[in-house]
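So the chains spell out like this:
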Amino acid sequence: MNLKRLKNRLEESFGKTPSNGRSRHIIFWYDEEGEFAQDIDELGLDNAKILKIESNNAFYIKYKLEKEDSTSNYLLYSSMAKPLPQDNWLLDILKYSIEFSADRTVMLMQDFGISDYSLRNVFKRYLGFFADNVRRRKFTSYGITDFTEEEVDIAVLSALCNLSVNDFEQVVKKVLLEDLEENRYLKDISKYADLEVFWDLLESRYAYKDREQSLEKLAITLLTSHLDFNLKAEIPDSWQEYLSDKKATCYVFVSNLMHYSTNGKEYPLLANRIEELLNIKRYVSDWDIDKYIECDTFGIFDQEIICNLIKNLLAGIGEFDKYGAIVKEREKSYWYKFFSPEYEAIKYAIEFLAMEKGMQGIIRGQSAQELVDLYTKEYYLMDYFYRKFYYYYDSIVNKEPFAQLVEIIENTYTNWFLNQLSVKWSQAVGEEMLDEFPLPQVSQQQNFYQDFVSPFVVKDERVFVIISDALRYEAAKELVELINREVRGRAEMKFMQGVVPSTTKYGMASLLPGKEIRLNEKNEVLVDNINTQGTENRGKILANHSDASLAITYKDMIDMKRADYKETFEGKRLIYIYHNAIDAIGDTAATEREVFTATEKAFQELVLLLKNLINNISATNIIITADHGFIYERSPLTEIDKISRYDVKALEIGRRYILLDSNQDFPDALPIAMNYLLGENTGLIAVVPKAVIRYKIQGAGVNYVHGGVSLQEIIVPVIKFKNIRRSEYKPTKVEVKLTNISRKITNRITYLEFFQRDLAQDKKIPLRLKLYFVDEDGNRISNENIIIADSKAEKPAARTYREKFTLKDIAYDKTRNYYLILEDEEETVEKIYDKIPFTIDLLFSDDFGF
């Protein structure tokens, strides 16, 4: 209520010159409904005093007015009905005074500029609501200009739900995502509004008309109607009574409700409750997966799909393309984010088992060079799929459904792929490489500086070398994709044959510049007579080849700011950065199980390091490599996987090698002459076990090992990155376009096709779009669809997306524009990817176009 206007009216009356011989004004105000009882104390009249008429203070008022103060103006306010003359003790005073009345409802309407008094009953209904200034301000904030009864009802409900917009759909969302029994919004509606209005609106909008007026039954109606829209099986008889006559509108509502919740927990709580009430698990187990593949009302569908996929993989049916398509379809569903570790683990299990089937159990290749070529082009993928499977499996909470699948993956990887590949490779090493270890057509790790770094130094170009401990080849392949996707420039992949023993000690030394590598009497590795242990010593070796050199660890750079980068690297031309995320975890028995998680962490750190070097000091030439790779098997090793160390006096021993100063006959081992690394006269022999056998020694872990000669250990990646500022080297998202020619919709259910123009590879990165229709005011009128444009397929058909849109069951004006919105979910500012105008001229009015 506008008290200022009320005060002005009273002040105007008190300001008039008294007539009929009166010397002052006394005004009686009987406010029968007590509408202003809470406001009277705040009225504060300038030229009149206020007395409140109570049930027992008439004598005091008469004494006050006639004896104590016979000259002041007075407002006599009563929150009671005007008494009958025979009962009115102040009748004599009333006879020579003025009566005042105020219709609070009318004044309220005037405050909003409403002259249509047909709405009086509507505003009268909400006087209690408007009595609070906070609620009144919220109502006013909606900026209503065309007042109707429904508009006022919805605005009151919206304000009570503390919404930023006046929208009944959002009122229902807010109410449903609260506690269904002790619902605070429903309590406020009951207290300050009208519950019947709320339920009447639900009936008109969603055809909900249950006598109980229960939030739980409302939720059942909405969710079963949503489910029925995509379910290709018959809805059970016991659910039929809950299906709404406005299924399209219910479907759109629930589709939007899923994405409305603020913390991602509200809708799952609601859906899980209704899922349990309907006992959906009882029915879904009888339905074929094809019947509910598009359903995402309840999480039980994803649980069943996951179990079905696992069951089919275990059965060895081999329909891998079909399984992959199912996972791809579920990526667009609401529940995917809650089951993403399960789906991702299954996705990589599918890739792993499909590759195994494609290889038909045969490891091709005979010579060492053939096996290296096959590994670097194809076979590394088995290591990659294995790693990704376990990375996601490790984050699954309920691992029980995956128990048998894990066994298959583990047995296939360990007993077939890893074992057969390593046996064949060991045979090739034994026949071709014991005396001349380096393969002639492969770059050698000990020549790394000469082959990859020196060309920059010779041309006086600044070069950064990042050495990530135990970054093996298969992981580096993924890292290249990440870099090309996230960083402007060009990354390309090469590889080297690593040294043996494939340990940090020898690998790090091999990556440094120098004329000579040798061991001293303490078995320390020296380069040009300088110990290679530690960053400081490595810096000294670099300084022999460049006065403007620096060796630094990633840990020393973590907290650097832009100014620190400039100060640290100012004037430096040859920089070695040592990064250790993988080996630090894998090489410790207590944490070796987390080595695949450490690999993902290494990716994040290396990409961030790259960006910091580029953004802070304009780094142009960056090389990423490793000192060695590793072997990792998840299952516990048996005694057959380990052999006792030989009864010899060893200079050095590890899980995967023994270093001796003389050659001897070693069964089940490969004695590799170290002259290729330490010089012709070294006489040292690295004895490595064949295949992936470990030596029995104390300490360290046994599942994660390196030091031997397996391809996983000695194929060392070299990533060459060039910071190129041209726009074509900036990562950009693939382009997606609507291909339908017509911009007219004639059915409540309509299908639209979209085409991904580019392949998601190299500098073209995937695009995730959210699609929905809105009216001219921006109100959503359809369900929401997701397009994940990440296809690398050459065939256009594989990059075509057909999406189903369902419109609300409301009236549409064919003379107005409606818009298809394509929203980029990953953008924070410019989210609207495209906005396409449509006209809607429905030929049919029901949900199914009949």
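On a predicted model such as this, the values are computed, not experimentally measured, just so you know. (Residues numbered from 1 in each chain as written. Predicted model: local features only at pLDDT ≥ 70, side-chain atom pairs only at ≥ 80, totals over all residues. Heavy atoms only, no water.)

Of the pockets and cavities examined, the second largest pocket occupies roughly 1,100 Å³. Looking at the second largest pocket, it is lined by 36 residues, and the ones nearest its centre are D167, R205, D775, N779 and K808. Where the lining of the second largest pocket is concerned, the elements lending two or more residues are α8 (149-160), α9 (168-176), α11 (195-206), α13 (247-258), β27 (767-774) and β30 (818-824). Element by element, the count of residues in the lining of the second largest pocket is highest for α9, at four residues. (1 Å grid on protein atoms, 1.4 Å probe; cavity = no way out; pocket = protein on both sides within 12 Å on 5 of 7 lines; lining within 4 Å. Points joined across faces, edges and corners; volume = space filled by probe spheres on them. Helix = DSSP H or I, 4+ residues; strand = E, 2+ residues; numbered from the N terminus.)

One open sheet accounts for four strands, arranged β2-β3-β1-β4; its pairing is parallel. Here the strands that pair on one side only, and so sit at the sheet edges, are β2 (49-52) and β4 (98-100). In this sheet, neighbouring strand axes are inclined to one another by 25° on average, regardless of whether the strands run parallel or antiparallel. Pairing analysis gives three bridges linking strand β1 (residues 26-30) to β4, with the strands arranged parallel. Bridge assignment links W29 to a residue of β4, and that residue is F100. On the sheet, helix α1 (residues 3-15) packs against β1, β3 (74-78) and β4 and is oriented at approximately 145° with respect to β1. Here helix α2 (residues 58-68) sits on the sheet and contacts β1, β2 and β3; the angle it forms with β2, its principal contact strand, is near 160°. (Pairing = 2+ DSSP bridges. Axes fitted to C-alpha atoms, helices over the stretch in contact; angles between N-to-C directions. Contact = heavy atoms within 4.5 Å.)

Okay, the pattern of salt bridges next. Any two side chains of opposite charge can pair, so long as their charged atoms come close to each other. Counted under the stated rule, the structure contains 58 salt bridges. Its salt-bridge partner being E478, residue R387 comes within 2.7 Å of it at the nearest N-O pair. Placement of the pair is R387 in helix α20 (residues 368-393) and E478 in helix α23 (residues 473-486), with a sequence separation of 91 residues. Just as R387 is buried, E478 falls in that class too. Here the salt bridges share partners, and the residues they tie into one network are R387, K388, R472, E474, E478 and E600. (Salt bridge = Lys/Arg side-chain N within 4 Å of Asp/Glu carboxyl O. Buried < 20%, exposed > 50% of the residue type's maximum accessible area, 1.4 Å probe, protein only.)

Moving on: the pairing of strand β18 (residues 685-689). For β18, the buried fraction is high: five of the five residues fall into the buried class. Where burial is concerned, the two faces of β18 agree: the one with I685, V687 and P689 and the one with A686 and V688 are both buried. In the sheet, strand β16 (residues 657-660) pairs with β18 via three bridges, with the strands oriented antiparallel. Opposite L660, over in β18, you have I685 as the bridge partner. Bridging between strand β17 (residues 669-673) and β18 involves five bridges; their strand directions are antiparallel. Directly across from A673, in β18, lies its bridge partner I685.

Moving on, we come to the environment of G514. Mapped onto the elements, G514 comes out in the loop between α24 (504-510) and β7 (517-519). Since its relative accessible area comes to 44%, G514 is described here as partly exposed. Taking C-alpha positions, G514 is 9.7 Å from L526, a pair spaced twelve residues apart along the chain. Beyond its immediate sequence surroundings of up to four residues, G514 is in contact with V527, D528 and H545.

Right, let's talk about the side chain of E11 for a bit. Within the secondary structure layout, E11 lies in helix α1. K7 is the oppositely charged side chain nearest to the buried, salt-bridge-free E11, at an N-O distance of 4.5 Å. With residues up to four places along the chain from it excluded, the contact list for E11 reads L45, D46 and N47. (Lys, Arg positive; Asp, Glu negative; His and termini not counted.)

With the rule as written, the count across this model stands at 57 aromatic pairs. Here F596 and Y632 contribute two aromatic rings whose centre-to-centre distance is 5.0 Å and whose plane-to-plane angle is 75°, an arrangement assigned as edge-to-face. In this pair, F596 sits in helix α28 (residues 595-617) while Y632 sits in strand β13 (residues 631-632), placing the two residues 36 residues apart along the sequence. An identical accessibility class is assigned to F596 and Y632; each is buried. Over the ring of Y192 we find R135; its NZ or CZ atom is 3.8 Å from the centre of that ring. For the cation-ring pair, R802 lies above Y751, with the distance from its terminal atom to the ring centre recorded as 4.1 Å. (Phe/Tyr/Trp six-rings, centres within 6.5 Å; stacked < 30°, edge-to-face > 60°. Lys NZ or Arg CZ within 6 Å of the ring centre and 35° of its normal.)

For A354, the location among the structural elements is in helix α19 (residues 336-359). When its relative accessible area of 27% is taken as the criterion, A354 is described as partly exposed. Sequence separation between A354 and F320 is 34 residues, and the spatial gap between their C-alpha atoms is 6.3 Å.

Sheet architecture is open: three strands sit in the order β23-β25-β29, paired in antiparallel fashion. The open sheet is flanked by β23 (736-738) and β29 (800-806), the only strands paired with a single partner. Going from strand to strand, the sheet's axes swing by 30° on average, the running direction of each strand aside. Here strand β25 (residues 749-756) runs beside β29; their pairing, made up of seven bridges, is antiparallel. The partner of I749 across the bridge, within β29, is T806.

On to helix α17 (residues 300-315). In this model, α17 (16 residues) spans 22 Å end to end at C-alpha, consistent with the 22 Å of a helix rising 1.5 Å per residue. Within α17, the full set of buried residues consists of I300, F301, D302, E304, I305, I306, N308, L309, I310 and L313. Once α17 ends, the next one or two residues include G316, with phi positive near 70°. (Expected span 1.5 Å × (residues − 1).)

With that settled, consider the side chain of D627. Summarising the element assignment, D627 is placed in the loop between β12 (621-625) and β13. Look at D627: it is buried, it has no salt bridge, and the nearest opposite charge is R538 at 7.1 Å. A distance of 3.1 Å separates a polar side-chain atom of D627 from the backbone nitrogen of A470. A polar side-chain atom of D627 sits 3.0 Å from a polar atom in the side chain of T504. (Polar contact = N/O pair within 3.5 Å; in protein donor to acceptor, adjacent residues only side chain to side chain.)

Take the nonpolar core next. Ranked by internal contacts, the top residues of the largest apolar core, which has 225 residues, are F198, W425, Y576 and L613. When residues in this core are grouped by element, the largest group, 15 residues, is from α20. Listed in part, the 24 residues of the second largest apolar core include V736, L738, I745 and Y818. (Core = buried A, V, L, I, M, F, W, Y, C linked by side-chain atoms within 4.5 Å.)

Let us now look at the state of the cysteines. Using the criterion set out here, one finds zero disulfides in the structure. As a non-bridged cysteine, C250 has C295 as the owner of its nearest cysteine sulfur, 16 Å distant. Of the residues examined, C250 reaches a relative accessible area of 0% and is grouped as buried. Of all cysteine sulfurs in the structure, the one in C295 sits closest to C307, which takes part in no disulfide; the separation is 17 Å. Residue classification places C307 among the partly exposed residues on the basis of a relative accessible area of 38%. (Disulfide = S-S within 2.5 Å.)

Attention now moves to the packing of helix α26 (residues 562-569) against α28. Between α26 and α28, the least distance of the axes is 9 Å, while the angle of their chain directions is 80°. Classified by the angle their axes make, α26 and α28 are roughly perpendicular. In this structure, α26 uses R562, Y565, K566 and F569 to contact α28, whose residues at the interface are L609, N612, L613, N615, N616 and I617. Residues belonging to the contact of α26 with α28 are distributed by class as follows: five nonpolar, three polar and two charged. (Parallel < 35°, antiparallel > 145°, perpendicular 65-115°, else oblique. Nonpolar A, V, L, I, M, F, W, Y, C, P; charged D, E, K, R; others polar.)

So, about helix α10 (residues 184-192). Of all the positions in α10, only Y185, L186 and I189 are classed as buried. Each buried residue of α10 lies within a common arc of 100° when the element is viewed along its axis, so the set occupies one face. For α10, the elements touching its buried residues are α8, α9, α11 and α12 (215-230). A side-chain oxygen of the first residue of α10 lies 3.1 Å from the backbone nitrogen of Y185; this N-cap is N183. (Arc of directions from axis to C-beta.)

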